[in-house]
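The lines below spell out each chain.
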Amino acid sequence: MSTYTNFNKSLEQRFIKYAKIYTQSDPNSPTCPSTLKQKNLAAVLVEELQEIGISDAEMDDNGYVYGTIPSNTDKQLPVIFFCSHMDTSPDCSGENVKPIIHEKYQGQDLVLPDDNHIVIKLAEHQDLKQQIGNDIITASGTTLLGADNKAGLAEIMEAAAFLMKNKEVKHGTIKLLFTPDEEIGRGVDKVDLKKLGADFGYTIDGETLGSIEDETFSADGATLKIYGVSTHPGFAKGKMESAIKILAEILDSLPKDALTPEATHQKEGFIHPVSINGQVEEAEAHFIIRDFTDENLVSHGRFLEETVKKVMTNYPKSSYKLNIKPQYRNMKQVLDQHPKIVQYGIEAIERAGVVPKQQSIRGGTDGSRLSYMGLPCPNIFAGEHAFHSKQEWVSVQDMEKAVQTIVNIACIWEEKG
Ligand SMILES: [Zn+2]
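One structure accompanies this document, and this report is about it. (Residues numbered from 1 in each chain as written. Predicted model: local features only at pLDDT ≥ 70, side-chain atom pairs only at ≥ 80, totals over all residues. Heavy atoms only, no water.)

## Some words on the side chain of histidine 102
Selection rule: Where helices and strands are cited, they refer to DSSP runs of H or I of at least four residues and of E of at least two residues respectively, numbered from the N terminus. Burial status follows relative accessibility: with a 1.4 Å probe on protein chains alone, a residue under 20% of its type maximum counts as buried, one over 50% as exposed, and anything between as partly exposed. The term polar contact refers here to a pair of N or O atoms within 3.5 Å; inside protein, the definition further demands a hydrogen-donor-capable atom paired with an acceptor-capable atom, and it admits residues adjacent in sequence only when both atoms are side-chain atoms. Residue contacts are counted whenever heavy atoms from the two residues lie within 4.5 Å of one another.
Relative to the helices and strands, histidine 102 resides in strand β4 (residues 100–102). Here histidine 102 falls in the buried class, since its relative accessible area comes to 14%. A polar contact of 2.8 Å, which involves the side chain of histidine 102, links it to the side chain of threonine 138. Once you skip the residues sitting within four places of it in the chain, histidine 102 turns out to touch Leu110, Leu112, Asn134, Asp135, Ile136 and Thr138.

Structure, rendered in structure tokens:
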């Protein structure tokens with residue numbers, strides 16, 4: 001059976017083409033996609049999908065790209081989708097990206113030509129140690145690279161082109177989904193599940209070669225409002241209760257050596273204030289609450305409320321309102337009910353000659369929300385490293401393994417179906 005190889009360098013050519021298209025998303029924009037320029041890349045992807053024979057490829061009004069690789073087997077199989085996102089992070093400029101290929105990397109520090117202060121040092125990027133002899137792609141020093149997640153796009157497109165061309169490679173119906181605005185947490189807000197028409201899928205948006213992530217945080221958001229008592233400051237004795245000071249006291253009462261991002265790692269959760277705003281009369285704080293189990297998440301929310309109540313007893317004329325809302329949930333709870341999805345993912349990585357690393361992420365993915373929308377969806381490596389920064393890099397050889405993994409997943413579901 002044919003195996004995917006990047007013999008004519010089409011993989012890096014595709015990646016470089018996508019990386020040069022400016023697709024930064026904008027959290028302050030209310031539209032979907034948040035920036036119109038993301039549709040420029042979507043249009044390129046649709047055109048390329050049609051060129052390889054995916055005739056139903058289309059971009060919808062919200063900038064989502066859909067396409068179908070038809071089944072070429074008689075077996076009745078589940079419909080699998082592969083998903084990557086088109087936007088890049090607003091944390092670092094993505095305008096005028098100039099990708100550079102550093103061929104046959106030899107362990108040297110990579111100095112980027114457009115800003116000599118930006119150096120990708122082997123000592124600070126431990127994963128580079130596994131890349132000796134490989135071809136590394138970086139940006140030029142003034143922007144991010146956008147391998148997060150254009151590496152994933154290039155890999156899915158290469159796998160799609162391979163499957164469309166090599167008809168002897170058997171698979172069921174494969175759906176492709178490219179989303180806008182993942183970096184601002186809206187990647188699946190407007191996804192049309194009916195149009196997608198899949199049973200489960202895989203996001204191709206992970207970091208290190210061989211990684212498969214089946215566990216994410218469970219996440220709540222909390223809004224705390226304090227209603228104080230305002231008076232003229234010259235006549236405030238015994239009357240004023242400043243909402244600003246009450247809120248400050250609450251924040252100061254939260255633990256500093258635990259339950260906070262600065263003091264936690266691995267499977268530990270936290271309560272984290274992300275913004276405050278206030279006057280004497282009224283003050284407000286937003287928090288994110290994270291943990292790997294829903295029970296812990298609930299107990300952190302309760303702990304926050306207890307802390308608030310304790311401080312409020314010192315301010316009898318003031319009041320508060322605490323509103324806690326779910327954001328996303330640990331995908332493991334869903335994936336554990338469908339163990340083959342991760343098992344076959346692991347087998348696909350092994351068949352590509354790579355040691356699989358099953359791991360958890362201290363964050364969320366599009367897959368965390370898709371899993372709860374009824375589409376179980378672990379995250380597979382795309383090979384992106386040091387993302388959201390000017391030091392971002394990806395290796396062509398890792399990307400090639402990701403393409404093989406995608407193809408293998410399609411084949412394994414057919415073989416075992
Ligand atoms: Zn990403």
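## Some details on the side chain of serine 25
The residue serine 25 is located in the loop between α1 (10–19) and α2 (38–51) in this model. Residues contacting serine 25, with those up to four places away along its chain left out, are Ser34, Thr35, Gln38, Asp87, Thr88, Pro90, Asp181, Glu183 and Ile184.

## Details of the sheet that holds strand β3 (residues 80–85)
Put simply, the rule is: In this analysis, strands are considered paired if DSSP registers two or more bridges between them. To get an axis, fit a line to the C-alpha atoms, keeping to the stretch in contact for a helix; angles then go from 0 to 180 degrees between the N-to-C directions.
Reading across the sheet, the eight strands line up as β1-β2-β8-β3-β9-β16-β10-β15 and stay open at both edges, with mixed pairing between neighbours. The sheet is open, and its two edges are formed by β1 (58–59) and β15 (357–360), each paired on a single side. With three bridges connecting them, strand β9 (residues 200–206) and strand β16 (residues 379–381) associate as parallel partners. Residue pairing for β16: isoleucine 204 is matched across the bridge by isoleucine 380. Relative to the sheet, helix α3 (residues 147–165) contacts β2 (65–69), β3, β8 (174–179), β9 and β16, its axis offset from that of β3 by approximately 145 degrees.

## What to know about the pairing of strand β11 (residues 218–227)
Extensive coverage of β11 is indicated by the burial of seven of its ten residues. The pairing of β11 with strand β13 (residues 282–291) spans ten bridges and is classified as antiparallel. Bridge assignment links serine 218 to a residue of β13, and that residue is aspartate 291. Bridge analysis of β11 against strand β14 (residues 319–328) gives nine bridges, and the strand direction is antiparallel. Paired with tyrosine 227 across the two strands is serine 319, which belongs to β14.

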